[in-house]
There are 2 protein chains.
Amino acid sequence: MNSKRKILLQAKVLFAQQGFDGVSIRSLAKAVNLSPAALYHHFPDKKTLYLETVQCAFAEQEHVFSKVWCSEGTARQKLIEFIECFTELMFADPAFHRLMQRELLIADNERMQLLAEDVFKEQFVELMNIIRQLAPRLDAHLAAVSVLGLVCQQLEMQPLLKCLPDWRLQHEQPQSLAKHINDILLNGI
Amino acid sequence: MNSKRKILLQAKVLFAQQGFDGVSIRSLAKAVNLSPAALYHHFPDKKTLYLETVQCAFAEQEHVFSKVWCSEGTARQKLIEFIECFTELMFADPAFHRLMQRELLIADNERMQLLAEDVFKEQFVELMNIIRQLAPRLDAHLAAVSVLGLVCQQLEMQPLLKCLPDWRLQHEQPQSLAKHINDILLNGI
DNA sequence: GTCTATATGGCGATAGAC
DNA sequence: GTCTATCGCCATATAGAC
C-alpha cells in the first residue's frame, strides 16, 4: 500500500486515541514501520500531518447519508432511518468520533468553519428540514443538535456508564440504542 | 491564599483547556508565579498533580443537586428542575465540563470507577428513579443518559454550531436551552 | 516553602548517504 | 522514498542553598 495512505490511516487511530500532543512522530513512525525521517518526506511538519489526518478521516464521511435523504418514506420514517444510520456509523468508527471530540475541544475557528462547510452543513440542513416538517413548534437548529446529542452522548459516556447502576451490555448495541432514541424522541418521557 | 489550592485551581483551568500533555509544569508554574521546582514540593510528580486536580474539580460538584431531589414537587416538576439546574451548572463551569470530556477520552478504568462511585452514582440513581415514575416503559439507564446527553452535547458542539445555518445567540443561553430540552423530552418531536 | 542550577531524556526537525 | 545520525530545544524531575 501507498506509504502516505498507510501513515494517514494509522495516524487517525493514534491521534484519536491519544491526541495531538500524545502522539510523537517517533511512535507513529514505529507503528507504520518507517523511520521518523521518512514521515517528513510525506509531510512538511507534524501539524500538517495532523491536519491532513483529520481532513482525510472526515472526507470519508461526507456522503454517507444521501440514501436516507433520498428515500421515499415520510418525514417520520426518514428521521427514524437517519438515527439508525447515524448510530451505526458512530459505533462502527469510534476513531472518527474521538477525533471529532478532540477537534471540538481544540475548537480552532478556521477548522470549525471548514468542517461545518465541507462535512456537516449539508446533512445538518436536511435534518433540520425533516424536523421542521415534523414539529414546526420547535427551533429546528436546537432540535437537530438534540438528535445528534442523544446518539453521541451514549458513546462518549460509555466508559463511565459501565460503572453505574443498571448498565447492560445491550446498551452498547447500536440497534437497541437507536430504538430507544427513536422512542424517546417521538413519544417523549 | 494557600499555594497548593492556588495551583490546583489554575491547573483545573489549564488542563481543561489544553489537556495533560498540553500543559507543562513550567507553564503552570509561570501561571501561578512560582518556580517549577516549587510545584514539586506540593506534588510528587505531574501525574499526581493532574489526578489531584481532577479529584478536586469533581469534589466541588458532589452535592449540587440535593435541593432538586428533596423538593416537594411532582416527578415531572423535579425532572424539569433538574434539567434547569444541570444546564446552569454546565454553562457556569465550562472548565469542569471540559475536564470531564477529557477524562472520558482517557477512560482510565480505575478512575472511571472512582468518578462513578464518588461523584455521579447518587445523582444518576435519583434521575433514574424520577424517570421510572414518569415513563415505566423506558429503560431508565438509557433514558437518564439521554437527558444528560441533551444538555451536554449542546455545550460540546458549540464551536461547530456557530458555523452552521440558523444558529442564534439565544442557543447559548442556559435558560432558553433548558426550556427547549424540557419541551422535546416531555412532548417528543 | 521557595529559589537557582542542572541532570537526563524525548521531542520535532534536518543533513546527507543510498 | 527510505535510511542513520544528529542538532537544538524543551520536557520532567532533582539537588541543595536560603
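Below is a short write-up of the structure. Computed from a predicted model, the values in this text were never measured in an experiment. (Residues numbered from 1 in each chain as written. Chains lettered and ligands numbered in written order. Predicted model: local features only at pLDDT ≥ 70, side-chain atom pairs only at ≥ 80, totals over all residues. Heavy atoms only, no water.)

## Some remarks on the nonpolar core
If you look at soluble globular proteins, the nonpolar side chains tend to sit buried side by side. Formally: Buried Ala, Val, Leu, Ile, Met, Phe, Trp, Tyr and Cys residues form a nonpolar core when they are joined through side-chain atoms within 4.5 Å. Each residue is assigned to one of three classes by its accessible area relative to the maximum for its type, calculated with a 1.4 Å probe on protein chains only: buried under 20%, partly exposed between the two thresholds, exposed over 50%. Residue contacts are defined here by distance: any two heavy atoms, one from each residue, within 4.5 Å place the two residues in contact.
The biggest cluster of nonpolar side chains holds 137 residues, and the ones touching the most others in it are F82(A) and F82(B). Apart from residues no more than four positions distant in its own chain, F82(A) is found in contact with F65(A), V68(A), W69(A), L127(A), V147(A) and L148(A).

## Focus: the interface of chain B and chain A
Heads up, the rule is: Each of two parts loses accessible area, computed with a 1.4 Å probe, when they are put together; buried area is these two losses added. We count a salt bridge whenever a side-chain nitrogen from Lys or Arg sits within 4 Å of a carboxyl oxygen from Asp or Glu. Any pair of nitrogen or oxygen atoms within 3.5 Å is treated as a polar contact; in protein, a donor-acceptor pairing is required on top of that, and neighbouring residues in sequence qualify only through side-chain atoms on both sides.
Contact residues are listed per partner, giving 61 residues for chain B and 61 residues for chain A. For the pair chain B and chain A, the two sides together bury roughly 5,600 Å², of which 67% comes from carbon and sulfur. Summed over the three residues of chain B that lose the most area to chain A, namely L105(B), L142(B) and I189(B), the buried surface amounts to 16% of that side. Remark: the boundary between chain B and chain A carries four salt bridges. Close ionic contact of D183(B) with R137(A) constitutes a salt bridge, the shortest N to O distance being 2.9 Å. Across the chain B-chain A interface, the total number found is 22 residue pairs in polar contact (both at pLDDT 80 or more).

## A look at the protein's contact with DNA strand C
Worth spelling out the cut-off: One heavy atom within 4 Å of a molecule or strand makes the whole residue count as near it.
The environment of DNA strand C is formed by 16 residues, the closest being I25(A), Y40(A), K46(A), S3(B) and S35(B). Among the atoms of DNA strand C close to the protein, meaning within 4 Å, 57% are from sugar or phosphate groups. A distance of 2.4 Å is found between a phosphate oxygen of DNA strand C and a backbone nitrogen or oxygen belonging to S35(B). At 2.8 Å, a side-chain N or O of H42(B) approaches a phosphate oxygen of DNA strand C.

## Some points on the packing of aromatic side chains
Selection rule: In summary, the pairing rule links any two rings of Phe, Tyr or Trp, Trp by its six-membered ring, whose centres are within 6.5 Å, and it sorts them by plane angle into stacked for under 30 degrees, edge-to-face for over 60 and tilted for everything else. Think of it this way: any DSSP run of H or I at least four residues long counts as a helix, any run of E at least two long counts as a strand, and we number them from the N terminus. A ring has a charge above it when a Lys NZ or an Arg CZ is no more than 6 Å from the ring centre and no more than 35 degrees off the ring normal.
Counted according to the given criterion, the structure contains 18 aromatic pairs over all chains. On the basis of an interplanar angle of 90° and a centroid distance of 5.0 Å, the ring pair of F15(B) and Y50(B) is categorised as edge-to-face. Taken together, the residues F15(B) in helix α1 (residues 3-22) and Y50(B) in helix α4 (residues 46-59) connect sequence positions 35 residues apart. An identical accessibility class is assigned to F15(B) and Y50(B); each is buried. Seen in terms of ring centroids, F58(B) and F120(B) are 6.2 Å apart; in terms of plane orientation they differ by 80°. Their pairing is edge-to-face. With F58(B) in helix α4 and F120(B) in helix α8 (residues 109-134), this residue pair connects regions lying 62 residues apart in the sequence. Taking relative accessible area as the criterion, F58(B) reaches 1% and is therefore assigned buried. Within the aromatic cluster, the residues linked to one another by ring pairs are F65(A), W69(A), F82(A) and F86(A). Directly above the aromatic system of F20(A) lies the positively charged group of K46(A), at a separation of 4.4 Å from the ring centroid.

## Brief notes about the relation of the copies chain B and chain A
To keep things clear, this is the line we draw: To superpose the copies, least squares is applied to the C-alpha atoms of every residue with a pLDDT of at least 70 in both.
Mapping chain B onto chain A calls for a screw motion: a turn of 180° about the axis and a shift of 0.0 Å along it, with 0.1 Å RMSD after fitting. Between the two chains, the operation in question is that of a two-fold axis. Ranked by how close their C-alpha atoms come to the rotation axis, the residues of chain B are headed by G188(B), at 2.0 Å. Interface residue correspondence from chain B to chain A reaches 100%, placing this contact among same-surface, isologous pairings.

## What to know about the protein's contact with DNA strand D
Applicable threshold: Three residue categories are used. Nonpolar comprises Ala, Val, Leu, Ile, Met, Phe, Trp, Tyr, Cys and Pro, charged comprises Asp, Glu, Lys and Arg, and polar comprises the others, including Gly.
Contacts to DNA strand D come from 16 residues, most closely from S3(A), S35(A), H42(A), R26(B) and K46(B). When the atoms of DNA strand D within 4 Å of the protein are grouped by moiety, sugar and phosphate amount to 58% of the total. Between DNA strand D and S35(A) there is a distance of 2.4 Å, counted from a phosphate oxygen to a backbone nitrogen or oxygen. Y40(B) is positioned with one of its side-chain polar atoms (N or O) 3.0 Å from a phosphate oxygen of DNA strand D. Of all the secondary structure elements, the ones that give two or more residues to the surface near DNA strand D are α3 (36-42) of chain A together with α2 (25-31) and α3 (36-42) of chain B. It is α3(A) that provides the largest number of residues to the surface near DNA strand D, a total of four residues. Classifying every residue of the surface near DNA strand D by side-chain character gives seven nonpolar, six polar and three charged.

## Description of the pattern of salt bridges
As enumerated under the stated definition, the model contains 16 salt bridges over all chains in all. Here K162(A) ties to E172(A) by a salt bridge, and the two come within 3.8 Å at their closest N and O atoms. With K162(A) in the loop between α10 (158-161) and α11 (174-187) and E172(A) in the loop between α10 and α11, this pair connects stretches of sequence that are 10 residues apart. For R132(B), the salt bridge is made with D166(A), and the minimal N-O distance between the two is 3.4 Å. In this pair, R132(B) sits in helix α8 while D166(A) sits in the loop between α10 and α11, so the two residues belong to two different chains. Here the residues in one salt-bridge network are K12(A), E60(A) and D93(A), joined through shared partners.

## Here we look at α4(B)
Residue and element names in this part refer to chain B. Put simply, the rule reads: Each residue after the first adds 1.5 Å to the expected span of a helix.
Between its terminal C-alpha atoms α4 stretches 20 Å, which fits the 20 Å expected from 14 residues at 1.5 Å a residue. All of the buried residues in α4 are L49, Y50, T53, V54, C56, A57 and F58. Packing partners of the buried residues in α4 comprise α1, α2, α3, α7 (94-106) and α8.

## Things to note about the side chain of K12(B)
Along the chain, K12(B) turns up in helix α1. In contact with K12(B), not counting residues within four places along its chain, are T53(B), A57(B), E60(B), D93(B), A95(B), F96(B) and L99(B).

## Remarks on the packing of α4(B) against α7(B)
Residues and elements named next belong to chain B. Quick reminder of the rule: Here an angle of 0 to 180 degrees is reported between the N-to-C directions of two axes, which are lines fitted to C-alpha atoms, with helices fitted over the stretch in contact. Oblique is the label for any angle not covered by the other classes, which are roughly parallel (under 35 degrees), roughly antiparallel (over 145) and roughly perpendicular (65 to 115). Definitions for this section: a left-handed crossing has its near helix turned counterclockwise from the far helix by less than a right angle. A right-handed crossing has that turn clockwise.
Two numbers describe how α4 lies on α7: the axes approach to 11 Å, and their chain directions differ by 125°. The orientation of α4 relative to α7 falls into the category oblique. In this structure, α4 crosses over α7, and the sense of that crossing is left-handed. The segment α4 lies against α7, with Y50, V54, A57 and F58 engaging F96, L99, M100, E103 and I106. Residue composition of the contact of α4 with α7, by class: eight nonpolar, no polar and one charged.

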